[in-house]
Amino acid sequence: MVLKAAVIVLFLAVAVVYFTKNRNNTDEHILLNSSYDYIILGAGSAGCVLANRLSENPESSVLILEAGGSELENINISIPLAAGGVQLSKEDWMFRSVPQKKACLAMRDKRCAWPRGRVLGGTSNMNYMQYIRGSRHDYDGWAREGCTGWSYRDVLPYFIKSEDVQIPELQNSDYHGKGGYLSVSDGTTTPLNKKVYARAMEELGYPITDCNGKSQIGYCPSQETIKNGERCSTVKAFLRPAMGRKNLHVSMNSHVTKILIKDKKAVGVTFVKDNRKHVIMANKEVIVSAGAVSSPQILMFSGIGPKEHLKSKGIPVIADLPVGDNLQDHIMTFIDFHDNSSSVTNLAKVSSPVTILQYLAMKSGTLSKTHLEGTAFITDDEKLPPRLQFHFFSISYVPEITQEYMDFLNLDPKLKEGKEKEFQEKKDKNIGTFIVLPILLHPKSKGTIRLQSDDPFDPPLIDPNYLDHPDDIKTFVRGVRESLRLGDTKAFQSIGASPQDPLEAYTPQCDDLSRDSDEYWVCRLRHYTFTVYHPTSTCRMGAKDDPTAVVDPELRVRGIPNLRVVDASVMRNVPSGNTNAPTIMIAEKAADMIRNIDSVKSLREKTGQL
């Protein structure tokens, strides 16, 4: 989360420079054709990649439709530390979950905040730019469960194809790529990364690792999708370099209402733009890339989904498929530790004239990084995917941003006074804080996406069903215990941190329980449950005879020719880590499938034994 108050200070300073720089980079109005070979629904993390790769063939005409507008309209998008400032803007769908029974209990109406990007580049313009591919065991597991062609050996070349690694230590790694569209740079921001986080993990017996290399297990200095101090979203990396091609059209502010299906075959789409309904036909394929929330929503409005649910909304059923089922997401909580070394970033540092001028002049310094400086993965068995992930966030909250903190997390307004007092007490004592974020990687609890009505402009019903399975809370508590172990290390104690620090948090719902007992932590986790913004698997991939699958391993919707889904919704299961890089990989691989080419043959020959 960003210090939003500082973003307001920054706004006036950078506005003139930003809009001067981009004044000739506006999106021109185009006259759309009546038909295209490929129509892509959603210009997000996957859609932007597809638009680039499919339009590489000058003989193919491509249209990409995006419900939102241009990313150039929000200066916070390009500034890495301002990532949180994109939430609750017009570039955010601002979704909320349905009220939860066993999680998010401290939120307004027990509804979790679910930010999703509504802008060219989608949620790659809102995320915290962490480049993590997941575990090799994730993809091998997909293959074993019927997703032929999706093993680690199959997908690694596509990760490498996209990448342009800027980290000196990884320049010669066989696991990384150079010259791709997606810039990956070092996330180190403060001395805490190497002197505290890495050393503490080593004290606990974990190695320093490249989590995108041979082994994911251990402490990994952050790898971020940042280029020259600015966010390297998929619109910036993939779509804008291709927008000059005559065979690619981009239509913004275009809200898709339905996929047109004739004789059980996808033939086109309808969408609303400028308060007018448009109909455009697809000569070859319609490709749904609207993300794990909106892709199932579009399919269901088009008559593809659970039969009984569609009937209840008055939607004629074309294909009875488990669309919107199997929703998986990562969840986290905040564990705060003290820092007496003045290393963490706070409001004063962010809003100082020196910081702002450094960024304007050099695109460097505090504003040019996310401050998620490191991540770690732990496991009981290196032959299995890790169960827990930890982010290390070098940000100190202050009372001045309490309201923004409450709003971003959708916390109950009744908690504001107590939270503000907690922040003020630390400020009065001159105590900086940094945050360890334990993350539940493979929840056994599964949720759903459903339609609220038959109106395509109504938001969907999102039920993540967090912490419903009893094993999830046990694993989550274990993640907290591992975080607290860090407080006992010499590295943490060298800057005044201790395992007692997290117990200072304002959590009135759990005050009657013995502090640091398992019961206390269960209470706290059920109340303060936060999405890591990684929803997946709502249009699940699987073998043709798999009753849980919506698409086959070629990402074709079962029973509906000329219709594919290409985004995080097709993931067999949520991977071990942040989902942006895997989504880009899926789009790279899908483009080859659609074009019937093998663009990574030479890479595969090099990576076959890795």
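Residues numbered from 1 in each chain as written. Predicted model: local features only at pLDDT ≥ 70, side-chain atom pairs only at ≥ 80, totals over all residues. Heavy atoms only, no water.

*Asks:* Summarise the overall build of the protein chain; cite the residues concerned and give the values.
*Replies:* Along the protein chain, the regular secondary structure elements total 17 helices and 25 strands. Here the protein chain has a C-alpha radius of gyration of 23 Å; the compact-globule value for 610 residues is 25 Å, and the two agree. If you line up the protein chain on its principal axes, its C-alpha atoms span 70 × 50 × 50 Å. Long-range contacts, defined as pairs at least 24 residues apart, comprise 72% of the intrachain contacts of the protein chain with a sequence gap of at least 6. Computing the positive centroid from 74 side-chain charges and the negative centroid from 72, the protein chain places the two 4 Å apart. (Helix = DSSP H or I, 4+ residues; strand = E, 2+ residues; numbered from the N terminus. Rg over C-alpha atoms; globule rule 2.2 N^0.38 Å. Contact = heavy atoms within 4.5 Å. Lys, Arg positive; Asp, Glu negative; His and termini not counted. Charge placed at Lys NZ, Arg CZ, Asp CG, Glu CD.)

*Asks:* Can you tell me about the pattern of salt bridges, naming the residues and giving the values?
*Replies:* Pairing between side chains of opposite charge can happen when their charged atoms approach one another. Tallying each qualifying case throughout the model produces 28 salt bridges. Between D518 and R481 there is a salt bridge; the shortest N-O distance is 2.8 Å. Of this pair, D518 sits in helix α15 (residues 518-527) while R481 sits in helix α13 (residues 470-486), placing them 37 residues apart in sequence. When its relative accessible area of 26% is taken as the criterion, R481 is described as partly exposed. Within the structure, one salt-bridge network assembled from shared partners comprises R53, E56, K161, E588 and R595. (Salt bridge = Lys/Arg side-chain N within 4 Å of Asp/Glu carboxyl O. Buried < 20%, exposed > 50% of the residue type's maximum accessible area, 1.4 Å probe, protein only.)

*Asks:* Can you break down the state of the cysteines residue by residue, with the values?
*Replies:* Counted according to the given criterion, the structure contains 3 disulfides. Covalent S-S linkage joins C211 and C220, the inter-sulfur distance amounting to 2.5 Å. Judged by the sign of its S-S torsion, about -55°, the bond between C211 and C220 is left-handed. Accessibility classification places C211 together with C220 in one group, the buried group. C48 forms no disulfide, and the closest cysteine sulfur to it belongs to C232, at a distance of 11 Å. Take C147: it sits in no disulfide, and the sulfur closest to it among the cysteines is that of C539, at 14 Å. The class of C147 is buried, set by a relative accessible area of 0%. (Disulfide = S-S within 2.5 Å.)

*Asks:* Please give an account of the confidence of the model for the protein chain that cites residues and values.
*Replies:* Mean pLDDT over the protein chain: 94, with 95% of residues reaching 70 or higher. Taken as a whole, residues 1-26 scores under 50 in pLDDT and shows 54 contacts with residues more than four places along the chain or in a different chain. (pLDDT = per-residue confidence, 0-100.)

*Asks:* Explain the packing of aromatic side chains to me, and be specific about the residues and the numbers.
*Replies:* The tally for this structure, following the rule as stated, stands at 18 aromatic pairs. Ring geometry for Y128 and F393: centres 6.3 Å apart, planes at 80°, overall edge-to-face. Here Y128 is found in the loop between β4 (113-114) and α3 (136-144), whereas its partner F393 is found in strand β20 (residues 388-393), with 265 residues between them in sequence. What makes Y128 buried here is its relative accessible area of 11%. When the ring of Y219 is compared with that of F392, the centres are 5.4 Å apart and the planes differ by 75°; the resulting orientation is edge-to-face. (Phe/Tyr/Trp six-rings, centres within 6.5 Å; stacked < 30°, edge-to-face > 60°.)

*Asks:* Any chance you could break down the packing of α13 against α15 for me, citing the residues and the numbers?
*Replies:* Where α13 contacts α15, the two axes come as close as 10 Å, and the packing angle between them is 110°. If you check the angle between α13 and α15, you find them roughly perpendicular. On the side of α13, the interface is formed by I473, F476, V477, V480, R481 and L484, while α15 contributes D518, W521, V522, L525 and R526. Looking at the contact of α13 with α15 residue by residue, the class counts come to 8 nonpolar, no polar and 3 charged. (Axes fitted to C-alpha atoms, helices over the stretch in contact; angles between N-to-C directions. Parallel < 35°, antiparallel > 145°, perpendicular 65-115°, else oblique. Nonpolar A, V, L, I, M, F, W, Y, C, P; charged D, E, K, R; others polar.)

*Asks:* Quick rundown of the side chain of T225? Include the residues and the values.
*Replies:* Take T225: it is sitting in the loop between β8 (223-224) and β9 (226-227). Residue T225 is classed as buried on the basis of its relative accessible area of 4%. With sequence-adjacent residues up to four places away left out, T225 is seen in contact with M129, Y131, L182, S183, E230, R231 and C232.

*Asks:* Can you break down the environment of I208 residue by residue, with the values?
*Replies:* With respect to the helices and strands, I208 occurs in the loop between α5 (192-203) and β7 (218-221). Excluding residues that lie within four positions of it along the chain, I208 makes contacts with A198, E202, Y219 and P221.

*Asks:* Tell me what's going on with the side chain of R116, and back it up with residues and numbers.
*Replies:* Within the fold, R116 resides in the loop between β4 and α3. Buried charge without a salt bridge: R116, with D329 as the nearest opposite-charge side chain at an N-O distance of 6.7 Å. Engagement of the side chain of R116 in a polar contact is seen with the backbone oxygen of Y533, the distance being 2.9 Å. (Polar contact = N/O pair within 3.5 Å; in protein donor to acceptor, adjacent residues only side chain to side chain.)

*Asks:* So what about unusual backbone geometry? Which residues, and what values?
*Replies:* The backbone phi angle of D263 is positive, close to 50°, even though this residue is not glycine. Along the chain, the position of D263 falls in the loop between β12 (255-262) and β13 (265-273). A relative accessible area of 73% means that D263 is categorised as exposed. Of note in the backbone geometry, N326 takes a positive phi value of approximately 65° without being a glycine. Looking at the element boundaries, N326 is found in the loop between β16 (319-320) and β17 (331-332). Here N326 falls in the buried class, since its relative accessible area comes to 15%.

*Asks:* Explain the environment of R595 to me, and be specific about the residues and the numbers.
*Replies:* Secondary-structure assignment places R595 in helix α16 (residues 580-595). Those residues in contact with R595 that lie beyond four places of it in its chain are R53, L54, E56 and N57. A distance of 2.8 Å separates the side chain of R595 from the side chain of E56, its partner in a polar contact.

*Asks:* Which residues make up the sheet that holds strand β5 (residues 163-165), and what values go with them?
*Replies:* Ordered by their spatial adjacency, 3 strands build an open sheet running β5-β6-β8, and the pairing between neighbours is mixed. Only two strands of the sheet have a single neighbouring strand rather than two, namely β5 and β8. In terms of strand pairing, β5 meets strand β6 (residues 182-186) through 3 bridges, oriented parallel. By the bridge assignment for β6, V165 is matched with V184. (Pairing = 2+ DSSP bridges.)

*Asks:* Give a detailed account of α3, specifying residues and quantitative values.
*Replies:* Along α3, the residues that are buried comprise D138, Y139, G141 and W142. For α3, the angular spread of buried residues about the axis comes to 155°, placing them on one side. Buried-residue contacts for α3 involve α4 (152-162) and α16. The opening residue of α3 is S135, an N-cap whose side-chain oxygen sits 3.0 Å from the backbone nitrogen of H137. (Arc of directions from axis to C-beta.)

*Asks:* Any details on the pairing of β20? Residues and values, ideally.
*Replies:* Counting buried residues along β20, 6 of its 6 residues qualify, which places the element largely inside the surrounding structure. Of the two faces of β20, the one holding L388, F390 and F392 and the one holding Q389, H391 and F393 are both buried throughout. Strand direction decides the pairing type here: strand β19 (residues 372-378) and β20, joined by 6 bridges, are antiparallel. Residue pairing in the sheet places G374 in a bridge with F392 of β20.

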